[in-house]
Amino acid sequence: MSCVSGLQTDCEALLSSFQETDNVRFEVFAGLWRDRRFHTIFHGQTRPLEKNKFTQKALDLAWRYFLPPYTFQIRVGALYLLYGLYSTQLCKPKQKIRVALKEWLEIQRFQLDLINAQHYDAAYIFRKLRLDKAFHFTAMPRLLSFRTKKKIRETQLKEEFKELSNRVTRLITSDVLEEMMNVHDHYQKMKCLISIDKSQPDKALNLIKDEFVINIKNAILEYQQWQQNKMKSSSKAKDSEEMTDRKEGGTSQDSEGSERANALAKIKYKSYNAVAMASKSRRHRQVKLESSESGSDQGKVKSPRCKRSRERSQLTQKGNSLETKDRIQAIKKEVVTRNRRMPVITEEENSSEEDLPRPKRKRTR
Amino acid sequence: MAGSSGSAGCAVPEYEVPELHTRVFHVGSFGALWKQNLHRADLSVQEAVAEDGAAAVAEDLGCGLETAAELRAVCSIDMLKSPDKEEDPEIISEDSSLITLRIRKKALERREETIIVDRTCRQETFIYEMESHATGKRPKDPANLIEEGELFLTLNIFYPVIFQKHKDHKPYQTVLVLGSQKLTELRDSISCVSDLQMGGEFSSHPDQAPEHISKDLYKSAFFYFEGVFYNDKRHPECRDLSRTIIEWSESHDRGYGNLQTAKMEDYTFNDLSIKIGFPYLFCHQGDCEHIIIITDIRLVHQDDCLDRTLYPLLIKKHWLWTRKCFVCKMYTARWVTNEDSLAPEDPCFFCDVCFRMLHYDAEGNKLGEFLAYPYVDPGTFN
Ligand SMILES: [Zn+2]
Ligand SMILES: [Zn+2]
């Protein structure tokens with residue numbers, strides 16, 4: 001288990017116990033932090049580069065729980081966690097929290113929600129981070145360097161922290177319920193108007209149950225409760241499994257819902273690797289294929305039709321420069337007849353990559 | 001006009017291929033949009049006194065003065081500190097419940113046992129010093145202070161030397177440039193051995209060798225970003241290196257779309273439309289090609305190096321291995337010979353002293369048969 005996965009476990013444990021308190025006060029969070037002496041998470045690092053990298057990872061992890069789709073409470077917890085990590089880190093100057101423009105727009109809304117709901121402690125802490133210049137205002141969440149070979153796999157975040165989302169809750173919001181109630185009232189009144197007895201509708205018009213809106217509401221609440229219970233019990237079962245795992249040195253901490261995501265990621269990862277590893281000569285052939293069948297969309301990737309074509313166009317891009325290179329070289333050979341003005345130098349096969357002075361091995365024993 | 005192709009799209013960068021690269025966006029518009037969404041205080045590069053008074057808090061949050069004053073105490077960072085004994089942040093306490101610390105402790109113990117750390121440690125120190133050598137620097141002359149709201153671009157520039165051993169990890173250097181800097185400023189800062197290469201065979205008159213270096217002879221160069229070749233046209237003798245490519249593309253109707261050309265010296269990075277994470281090209285010396293990837297763009301921060309004159313700022317470079325003289329095994333090679341009757345191998349590398357001592361008599365007359373070329377080692381820039 002690497003240091004970073006340990007970090008994830010620790011942060012998630014802290015957020016979990018915050019979630020269990022059913023509370024969003026900073027005071028409560030601070031108590032949990034102190035119990036764990038969480039600031040010591042930065043202790044024992046002596047090399048500055050290592051320190052920077054670890055701190056960056058920690059901030060990045062906390063930041064991701066601060067964004068949707070996590071529940072309100074987890075997001076507040078993540079904000080406190082960010083504040084704690086940022087303030088207690090040991091780097092000089094302090095490592096900053098990266099925030100992408102797209103995320104910032106989301107975060108601004110969140111801050112407004114906090115203020116409107118009078119969660120002043122959370123709002124204050126976000127404001128303080130901002131005043132402390134804790135942020136790097138960036139284009140994207142992470143640096144992108146076109147690493148095709150070893151694609152960094154996304155660490156799986158905890159599913160249990162996500163806002164429960166399903167078609168039922170998305171479809172039937174409180175607004176919708178209210179609207180239904182209004183329509184229903186209106187409907188009843190209309191029926192009364194056309195009935196003989198103006199105080200209640202004719203039996204013949206009695207086609208719908210009177211309490212149906214209330215019934216829907218109850219059904220939904222019941223469903224949500226059931227779903228929550230299911231989540232909790234499954235995560236508990238997982239936890240105990242994890243404990244035994246850990247004793248044996250295992251690292252299974254995937255939550256139930258993420259198993260499918262994991263499987264998908266694996267498939268994607270595999271297929272991606274397969275594409276990336278196509279040999280140079282084959283890549284070349286693919287380029288030619290593409291340029292003869294499709295017309296003018298080579299330089300720029302237009303609205304991707306499907307995943308496959310997107311991947312292909314990446315390859316084409318690479319191909320472009322390959323072909324260009326061949327071409328320039330050919331042109332150069334035509335133009336410049338150097339008559340061996342340059343030496344013939346072969347590459348040494350087994351030379352070591354770096355040429356640092358030899359390490360003086362010190363022996364302690 | 002080149003550089004502002006209509007497809008520049010939205011100024012909010014987003015993925016085109018997840019985790020790999022973004023869609024095309026216009027750098028300057030992106031910076032402007034960020035600024036629209038921030039306050040002056042967010043952008044400021046002055047170490048300002050934070051307006052943390054109760055009145056300011058009350059106004060920002062829309063709460064009462066009393067609440068504001070209370071918040072300060074309740075949300076203080078002291079709330080997170082454990083009120084116990086002094087502790088040494090270099091030492092991991094024994095009784096911690098944090099898994100991170102248990103793992104780190106084990107890793108440190110392993111490190112103690114195996115002593116190979118030395119090398120990695122030195123490499124790490126080197127990388128760290130490179131990365132942070134300019135952090136926090138401010139200019140002596142306030143005129144050179146980087147303005148608030150300026151953009152920082154991080155570029156990876158790959159070395160053209162494609163050794164077999166670098167197949168998987170192509171070496172590169174990382175530089176920071178400012179959005180308001182011209183492309184030519186980056187061009188002038190790129191150090192590449194091929195600029196120092198001296199063409200020619202000099203075995204008969206070795207003293208005449210290092211007269212001209214390639215940089216002075218071949219000044220042409222271009223950047224390629226999103227369908228546009230930005231050619232260096234500052235010198236009258238500069239050739240349009242991209243012309244042959246474009247003519248070739250058009251004459252064969254290769255389907256590369258509308259390739260355009262522009263003058264490198266007329267464009268700043270803010271003027272460009274680019275994708276982050278996407279490979280582009282820098283070409284000079286006719287065929288020396290460097291892949292360029294813009295890995296990050298962000299607003300300047302007060303902790304950054306704020307001396308404009310230090311940009312483009314090199315923050316990472318690959319430690320290239322150097323060829324040593326075959327004779328003394330000590331100095332970096334300056335000469336390489338082919339078909340050398342005096343050398344045990346072909347090609348053979350020599351430092352200047354050993355080369356002359358072996359190949360010429362006291363009067364400077366050539367001894368034996370050989371071809372000699374001046375050699376510039378890639379490690380020269382280490
Ligand atoms: Zn070069
Ligand atoms: Zn020598």
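The structure we're discussing is the one just above.
Please read all numbers here as calculations on a predicted model, not as lab measurements. (Residues numbered from 1 in each chain as written. Chains lettered and ligands numbered in written order. Predicted model: local features only at pLDDT ≥ 70, side-chain atom pairs only at ≥ 80, totals over all residues. Heavy atoms only, no water.)

A. Summary view of the overall build of chain B. Looking only at helices and strands, chain B features 11 helices and 15 strands. Out of the 382 residues belonging to chain B, those deemed buried represent 48%. Long-range pairs, those at least 24 residues apart, make up 65% of the contacts in chain B between residues at least 6 apart in sequence. When the accessible surface of chain B is summed, it comes to about 18,500 Å², and 52% of that surface belongs to carbon and sulfur atoms. (Helix = DSSP H or I, 4+ residues; strand = E, 2+ residues; numbered from the N terminus. Buried < 20%, exposed > 50% of the residue type's maximum accessible area, 1.4 Å probe, protein only. Contact = heavy atoms within 4.5 Å. Areas by Shrake-Rupley, 256 points an atom, 1.4 Å probe, with all protein chains shown as cover.)

B. Just the coordination of the zinc ion (ligand 2), in detail. Residue and element names in this part refer to chain B. In the first shell of the zinc ion (ligand 2), the protein supplies Cys 325 (SG), Cys 328 (SG), Cys 351 (SG) and Cys 354 (SG), at 2.2 to 2.3 Å from the metal. Classification of the site at the zinc ion (ligand 2) as tetrahedral follows from its four donor atoms and the range of 96 to 119° in their angles at the metal. The exposure class assigned to Cys 354 is buried, which follows from its relative accessible area of 10%. (Donors = N, O, S within 2.8 Å, 3.2 Å for Na, K, Ca; no water. Tetrahedral: all angles 85-135°; square planar, octahedral: opposite > 155°, others 65-115°.)

C. The arrangement of the sheet that holds strand β13 (residues 335-338) of chain B in detail. Residues and elements named next belong to chain B. Taken in spatial order, the three strands line up as β14-β13-β15 in an open sheet, and their pairing is antiparallel. Both outer strands of the open sheet, β14 (348-350) and β15 (371-374), are each paired with one neighbouring strand and no more. Across the sheet, the axes of successive neighbouring strands diverge by a mean angle of 30°, strand direction being ignored. Strand contacts of helix α11 (residues 352-359): β13, β14 and β15, with the helix running at about 40° to β13, the strand carrying the most contacts. (Pairing = 2+ DSSP bridges. Axes fitted to C-alpha atoms, helices over the stretch in contact; angles between N-to-C directions.)

D. Examining the side chain of Arg 75 of chain A more closely. All names here are of chain A. Along the chain, the position of Arg 75 falls in helix α4 (residues 72-88). Although Arg 75 lies buried, it forms no salt bridge, and the closest oppositely charged side chain, Glu 106, sits 4.5 Å away as judged by the N-O distance. What Arg 75 contacts, discounting residues up to four positions off in sequence, is Tyr 65, Phe 66, Leu 67, Pro 68, Tyr 70, Glu 106, Ile 107 and Phe 110. (Lys, Arg positive; Asp, Glu negative; His and termini not counted. Salt bridge = Lys/Arg side-chain N within 4 Å of Asp/Glu carboxyl O.)

E. Geometry of the environment of Ala 134 of chain A. Residue and element names in this part refer to chain A. One can find Ala 134 in the loop between α6 (120-131) and β2 (135-138). Overall, Ala 134 belongs to the buried group, its relative accessible area being 0%. Ignoring anything within four residues of it in the chain, the contact list for Ala 134 reads Tyr 86, Lys 96, Ile 97 and Leu 129.

F. Structural view of the pattern of salt bridges. Counted by the stated rule, this structure contains 22 salt bridges over all chains. Asp 132 of chain A is the partner of Lys 128 of chain A in a salt bridge, and the nearest nitrogen-oxygen pair spans 3.5 Å. Salt-bridge contacts for Glu 148 of chain B lead to Arg 40 of chain B; the nearest nitrogen and oxygen are separated by 2.8 Å. One end of the pair, Glu 148 of chain B, is in the loop between α6 (117-132) and β4 (151-158); the other, Arg 40 of chain B, is in helix α2 (residues 40-43), with 108 residues separating them in the sequence. Glu 148 of chain B gets classed as partly exposed once you look at its relative accessible area, which sits at 30%. Taken together, the shared-partner salt bridges connect Arg 187, Asp 188, Asp 232 and Arg 234 of chain B into one network.

G. How the structure looks around the pairing of strand β6 (residues 221-225) of chain B. Residue and element names in this part refer to chain B. Counting buried positions along β6 yields five of five residues, so the element is predominantly enclosed. In β6, alternate side chains face the same way, and those of Ala 221, Phe 223 and Phe 225 on one face and Phe 222 and Tyr 224 on the other are all buried. Across four bridges, the pairing between β6 and strand β10 (residues 279-284) is antiparallel. When the bridges of β10 are listed, Phe 223 appears paired with Phe 282. Alignment of β6 against strand β7 (residues 228-231), held across four bridges, turns out to be antiparallel.

H. Structural view of the packing of α6 of chain A against helix α4 (residues 65-74) of chain B. Contact pair α6 of chain A / α4 of chain B: the axes reach a minimum separation of 10 Å and the direction vectors enclose 70°. In terms of orientation, α6 of chain A lies roughly perpendicular with respect to α4 of chain B. Considering only the axes of α6 of chain A and α4 of chain B, their crossing is right-handed. Across the interface between the two elements, Tyr 120, Asp 121 and Tyr 124 of chain A from α6 of chain A touch Thr 67, Leu 71 and Arg 72 of chain B from α4 of chain B. (Parallel < 35°, antiparallel > 145°, perpendicular 65-115°, else oblique. Left-handed = near helix turned anticlockwise from the far one by under 90°.)

I. Spatial organisation of α6 of chain A. Residue and element names in this part refer to chain A. An ideal rise of 1.5 Å per residue puts 16 Å on 12 residues; α6 measures up with 16 Å between its terminal C-alpha atoms. Counting buried positions along α6 gives 11 out of 12 residues, so the element sits mostly inside the fold. Those residues of α6 that fall on the buried side of the exposure criterion are Tyr 120, Asp 121, Ala 122, Ala 123, Tyr 124, Ile 125, Phe 126, Arg 127, Lys 128, Leu 129 and Arg 130. Note on α6: the residue one or two positions beyond its end, Lys 133, has a positive phi of about 60°. (Expected span 1.5 Å × (residues − 1).)

J. The arrangement of a nonpolar patch on the surface in detail. Residues and elements named next belong to chain B. There is a patch of nonpolar side chains on the surface, built from Val 327, Leu 342, Leu 358 and Leu 367 and spanning about 280 Å² of accessible area. Here Leu 358 shows up in helix α11. Looking at Leu 358, the relative accessible area reads 33%, which means it is partly exposed. (Patch = residues over 30% accessible without salt bridge, like charges linked within 9 Å, V, L, I, M, F, W, Y side chains within 5 Å.)

K. Just the packing of aromatic side chains, in detail. With the rule as written, the count across this model stands at 41 aromatic pairs over all chains. For the pair Phe 18 of chain A and Phe 29 of chain A, a centre-to-centre distance of 5.6 Å together with 85° between the ring planes defines the contact as edge-to-face. Taken together, the positions of Phe 18 of chain A in helix α1 (residues 3-20) and Phe 29 of chain A in helix α2 (residues 26-36) put the pair 11 residues apart, joining distant regions of the chain. Assessed through its relative accessible area of 0%, Phe 29 of chain A is described here as buried. Ring geometry for Tyr 230 of chain B and Tyr 267 of chain B: centres 5.1 Å apart, planes at 70°, overall edge-to-face. (Phe/Tyr/Trp six-rings, centres within 6.5 Å; stacked < 30°, edge-to-face > 60°.)

L. Inspection of the packing of α4 of chain A against α6 of chain A at higher detail. Residue and element names in this part refer to chain A. It is at 10 Å that the axes of α4 and α6 come closest, and there the two elements cross at 40°. Regarding the angle of α4 to α6, the classification is oblique. Crossing of α4 against α6: the hand is left-handed. Between α4 and α6, the residues in contact are Val 76, Leu 79, Tyr 80, Tyr 83 and Tyr 86 and Asp 121, Ala 122, Ile 125, Phe 126, Lys 128 and Leu 129, respectively. Here the residues of the contact of α4 with α6 are counted per class, giving nine nonpolar, no polar and two charged. (Nonpolar A, V, L, I, M, F, W, Y, C, P; charged D, E, K, R; others polar.)

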